[in-house]
Amino acid sequence: MTRMSRRSLLLSATAFGVAGLALPQLGHAESSAVPAPAGPGDNGLAPSGDRFGVGIYNTQQVADELRYIEENIQPQGETGSRRILITGSTAGLGQLAAAYLLRRGHRVVAHARNAQRAADVRRDLPGLESVVIGDLLNLDETRALASQINELGAFDIIIHNSGEYGLPNAEILNANSLSPYLLTCLVDAPREVLVYLTSDLHRGGNLKLDEIRGEGTNVNYNDSKLHMAVLATAIARRHSALRVNAVAPGWVPTVMGFHNGPYAPDDLRAGYMTQVWLAEGTDPASRITGRYLFHQKEDSVHADVYDEAAQDALLAAFAERTGVSLG
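Residues numbered from 1 in each chain as written. Predicted model: local features only at pLDDT ≥ 70, side-chain atom pairs only at ≥ 80, totals over all residues. Heavy atoms only, no water.

Moving on: the packing of helix H2 (residues 60–72) against helix H3 (residues 92–103). At a minimum axis distance of 9 Å, the contact between H2 and H3 shows a crossing angle of 5°. In this view, H2 runs roughly parallel relative to H3, as classed from their interaxial angle. Side by side, H2 and H3 meet where Val62, Glu65, Leu66, Ile69 and Glu70 of the first sit next to Gly92, Gln95, Leu96, Ala99, Tyr100 and Arg103 of the second. Considering only residue class, the contact of H2 with H3 consists of six nonpolar, two polar and three charged. (Axes fitted to C-alpha atoms, helices over the stretch in contact; angles between N-to-C directions. Helix = DSSP H or I, 4+ residues; strand = E, 2+ residues; numbered from the N terminus. Parallel < 35°, antiparallel > 145°, perpendicular 65-115°, else oblique. Contact = heavy atoms within 4.5 Å. Nonpolar A, V, L, I, M, F, W, Y, C, P; charged D, E, K, R; others polar.)

We now examine the packing of helix H8 (residues 221–238) against helix H10 (residues 308–322). For the pair H8 and H10, interaxial distance at closest approach is 9 Å and the crossing angle is 105°. Considered as vectors, H8 and H10 are oriented roughly perpendicular to each other. Side by side, H8 and H10 meet where His227, Val230, Leu231, Thr233, Ala234, Arg237 and Arg238 of the first sit next to Glu308, Ala310, Gln311, Asp312, Leu314, Leu315 and Phe318 of the second. Here the residues of the contact of H8 with H10 sort into seven nonpolar, three polar and four charged.

In space, the eight strands of this open sheet follow the order E3-E2-E1-E4-E5-E6-E7-E8, with mixed pairing throughout. Two strands close off the open sheet at either side, each with one partner strand: strand E3 (130–133) and strand E8 (297–298). Taken together, the five bridges between strand E5 (residues 193–197) and strand E6 (residues 243–248) define a ladder with parallel strand orientation. The residue of E6 that forms the bridge with Val193 is Arg243. Docked against the sheet, helix H9 (residues 268–280) engages strand E4 (157–160), E5, E6 and strand E7 (292–294), running at close to 170° with respect to E6. (Pairing = 2+ DSSP bridges.)

The terminal C-alpha atoms of H8, which comprises 18 residues, lie 26 Å apart, in line with the 26 Å expected from a rise of 1.5 Å per residue. Judged by how many residues are buried, H8 sits mostly within the fold: 15 of 18 residues are covered. Among the residues of H8, the N-terminal cap falls to Asn220, whose side-chain oxygen and the backbone nitrogen of Asn222 are separated by 3.1 Å. (Expected span 1.5 Å × (residues − 1). Buried < 20%, exposed > 50% of the residue type's maximum accessible area, 1.4 Å probe, protein only. Polar contact = N/O pair within 3.5 Å; in protein donor to acceptor, adjacent residues only side chain to side chain.)

Turning our attention to the pattern of salt bridges. All told, the structure shown has 17 salt bridges when counted by the stated rule. Ionic pairing is found between Arg83 and Glu129, a salt bridge with its closest N-O pair at 2.5 Å. One end of the pair, Arg83, is in strand E1 (residues 83–86); the other, Glu129, is in the loop between helix H4 (115–124) and E3, and 46 residues separate them in sequence. A residue is classified by how much of its surface remains accessible, and Arg83, at 8% relative accessible area, is buried. We classify Glu129 as partly exposed; its relative accessible area is 35%. Arg123 is paired through a salt bridge with Asp124; the nearest N and O atoms lie 2.7 Å apart. Owing to a relative accessible area of 7%, Arg123 belongs among the buried residues under this scheme. (Salt bridge = Lys/Arg side-chain N within 4 Å of Asp/Glu carboxyl O.)

Moving on to H2. For an α-helix, the turn length of 3.6 residues means that residues three or four places apart are oriented alike. Here H2 contains 13 residues, and its C-alpha end-to-end distance of 18 Å stays within 8% of the 18 Å for a straight helix at 1.5 Å per residue. Among all positions of H2, only Gln60, Val62, Ala63, Glu65, Leu66, Arg67 and Ile69 are buried. The secondary structure elements touched by the buried residues of H2 are H3 and H9.

What follows concerns the nonpolar core. Judged by nonpolar contacts, the single largest core of 46 residues is most densely connected at Ile149, Tyr196 and Val244. Among the secondary structure elements, those contributing two or more residues to this core are helix H5 (139–151), helix H6 (169–186), E5, helix H7 (209–213), H8, E6, E7 and H10. With nine residues, H8 is the largest single contributor of residues to this core. Residue contacts for Tyr196: discarding those within four places in its chain leaves His160, Thr184, Met228, Leu231, Ala232, Ile235, Val244, Asn245, Ala246 and Val247. Counting residues in hydrophobic clusters, the runner-up holds 41 residues, among them Ala63, Leu96, Val108 and Val247. (Core = buried A, V, L, I, M, F, W, Y, C linked by side-chain atoms within 4.5 Å.)

One can find His106 in the loop between H3 and strand E2 (107–112). Residue His106 is classed as buried on the basis of its relative accessible area, which comes to 4%. Discounting chain neighbours no more than four positions away, the residues touching His106 are Gln76, Gly80, Ser81, Arg82, Ile84, Leu101 and Glu280. A polar contact is formed between the side chain of His106 and the backbone nitrogen of Arg82, at a distance of 2.9 Å. For His106, the side chain forms a polar contact with the side chain of Glu280, separated by 2.8 Å.

In structure tokens, the structure reads:
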């Protein structure tokens, strides 16, 4: 049986009226005895729920995978250690990538949307170098977040993992399109690698350049993921010294993945391992740039992704909308 695409399953869910199903019943993660050190911006908040936040910000599947990483992944030693920033890393795929790279001995800075989630991730992933805080739904917070990141000094790798689904279009536009663009422009470029998380649903999107330039908000999830794929290839073309790629992780059993009901047919581990593979760069095949990848392999794309005129037009529209140009 061939693997059904996320798009076809979503259409099936809509047809049968199951899109409104509640999140499946989630189990409870074990409590952790590891204390969470207070960090800048935490305001002394206690972490919420049990460790890994099952039923709050993670599914049981994600919590089980986080435990697998703790119990099975070994450090690679001092050689090859990188300094890595991952946005949206307090839950789901971002937290899994952060946990794996931490266990491998890399220095990882997490990103949380607010102080509560910062407290949670400090408890969940002891060993983080730092946690930066800013809600990408708010462009002013995104600009302030960029300043926080730059104050920490240079990174080797930045993974733009953060994303939203199922929100009003205006919020999708800010969180999934404009904020990653602003962070790309305002944060000092990493030394080696940039990764942008996208989706196979980008194939059903449109750039909607007039909407962006005209201060509109009618940008849906599919459109925003097309923006990320095109942004990645545009940055790769302009910054040849960096390895820059777009990654579709698949439809995996995170809280976001269960948004439309209990349908998440793709492999959770494969969903974050392409990011790890690109970040570590030890496999010669991972030292590529300017590509759209699904599970470490190139996949079919929307025609705009590799179209240089479309790339330039999107950058120009983003610059007009935000008042910030790519250096």
